[in-house]
Amino acid sequence: MDWAFILGGSSGFGLAAAEIFAAKGYNLFVVHRDRKGNMSSIETAFEQIKKKKNIQLVSMNINANDCENRTEIVGKLEATLGKVEKVRVFLHSIADGNIKPLINTNPDQAPGEYLCEEDFHHTISSMGTSFLVWSRLLFENGLFAPSARIIGLTSEGSQKVLSGYAAVAASKSVLESLCKYLAVDLAPYGITTNLINAGICETPALKLIPGYENLLEKAKQKNPFNRLTKAEDVARVIYLLSTDEAAWINGEIIRVDGGEQLKD
């Protein structure tokens with residue numbers, strides 16, 4: 001049976017993708033990082049997926065960007081898959097960045113209230129270069145199935161200016177560059193690499209952006225379908241990229257927004 005390995009699978013696009021892949025018969029290995037107070041609802045959601053879809057779901061609540069933790073995650077993944085089964089889909093859906101102003105324009109503003117160099121390092125590492133790190137870990141440990149699919153998530157913030165989004169925008173630009181290079185380097189091994197550019201969607205990550213309510217309202221007004229993008233809309237396209245029919249799509253950034261980004 002095919003496996004989907006999902007980083008950031010406890011909410012938003014990651015959880016929606018987990019539900020879609022489970023419905024299609026995939027087993028799931030989900031890594032997420034959440035507070036203990038949120039674990040009850042998360043575990044309930046995972047149990048419902050397992051019972052409803054009759055698939056295996058292995059989860060780890062752990063920081064996937066910590067070097068020591070990566071060894072632990074890979075070890076558990078190897079033990080779970082055994083000698084025969086492999087990862088058919090790797091979805092990178094980590095949302096762990098700093099949302100702060102870029103420039104200190106207020107003399108009374110404390111240094112920690114605007115982006116510092118370390119904020120950029122953390123955000124680019126967790127949401128940008130970790131896409132490469134994990135793709136390489138899976139590849140070098142022989143965990144990818146033939147014709148495996150690597151999928152990440154970018155946003156229009158890599159091209160447009162959003163309030164407090166500079167560090168995340170930088171990480172998305174890194175992500176988009178890495179997607180192209182991985183697409184070329186891994187193609188000889190039958191592995192494709194693509195990104196989804198999702199429309200504005202009311203996810204926990206979006207609510208961290210200052211003035212996100214205005215983003216939601218503007219996106220709804222711009223969208224030709226007069227509604228916001230839903231996590232399920234994005235998850236369905238993530239699944240489409242895993243199908244045999246999508247085997248020739250490689251190194252692409254695919255907008256999934258109902259046409260929202262066509263209008264300013």
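The rules we used
- Residues numbered from 1 in each chain as written.
- Predicted model: local features only at pLDDT ≥ 70, side-chain atom pairs only at ≥ 80, totals over all residues.
- Heavy atoms only, no water.
- Axes fitted to C-alpha atoms, helices over the stretch in contact; angles between N-to-C directions.
- Helix = DSSP H or I, 4+ residues; strand = E, 2+ residues; numbered from the N terminus.
- Parallel < 35°, antiparallel > 145°, perpendicular 65-115°, else oblique.
- Left-handed = near helix turned anticlockwise from the far one by under 90°.
- Contact = heavy atoms within 4.5 Å.
- Core = buried A, V, L, I, M, F, W, Y, C linked by side-chain atoms within 4.5 Å.
- Buried < 20%, exposed > 50% of the residue type's maximum accessible area, 1.4 Å probe, protein only.
- 1 Å grid on protein atoms, 1.4 Å probe; cavity = no way out; pocket = protein on both sides within 12 Å on 5 of 7 lines; lining within 4 Å.
- Points joined across faces, edges and corners; volume = space filled by probe spheres on them.
- Nonpolar A, V, L, I, M, F, W, Y, C, P; charged D, E, K, R; others polar.

A. Quick look at the packing of helix α4 (residues 117-140) against helix α5 (residues 166-186). Between α4 and α5, the shortest axis-to-axis distance is 7 Å and the interhelical angle comes to 20°. Of the possible angle classes, the one that applies to α4 and α5 is roughly parallel. Of the two elements, α4 crosses α5, and the hand of that crossing is right-handed. Of the residues in α5, those in contact with D119, F120, T123, I124, M127, G128, T129, F131, L132, S135 and F139 of α4 are A166, A167, V168, A170, S171, K172, V174, L175, L178, C179, L182 and L186.

B. Molecular detail of the nonpolar core. One finds F21, L28, I49, I196, V234 and I238 to be the most contacted residues of the largest nonpolar core, which totals 33 residues. Elements with a contribution of two residues or more to this core: β1 (3-7), α1 (12-23), β2 (27-32), α2 (39-53), β4 (87-92), β5 (144-154), β6 (192-198) and α7 (231-242). For this core, the element with the highest residue contribution is α1, accounting for eight residues. Non-local contacts of I196, meaning those with residues more than four positions away in its chain, are made with I151, G152, L153, T154, V234, V237, I238, L241, I254 and V256. Within the second largest apolar cluster, 30 residues are counted, among which are L7, F29, A148 and I150.

C. Fine view of the layout of surface pockets. Size it by volume and the largest pocket reaches roughly 1,300 Å³. Along the wall of the largest pocket there are 46 residues; nearest its centre are I94, A95, D96, P204 and A205. Among the secondary structure elements, those contributing two or more residues to the lining of the largest pocket are α1, β2, β5, α5 and β6. By residue number, the principal contributor to the lining of the largest pocket is α1, which donates three residues. In terms of residue class, the lining of the largest pocket is made up of 23 nonpolar, 17 polar and six charged. What the second largest pocket holds in volume is close to 160 Å³.

Interpretation note: all reported values are geometric properties and have no functional meaning in isolation.
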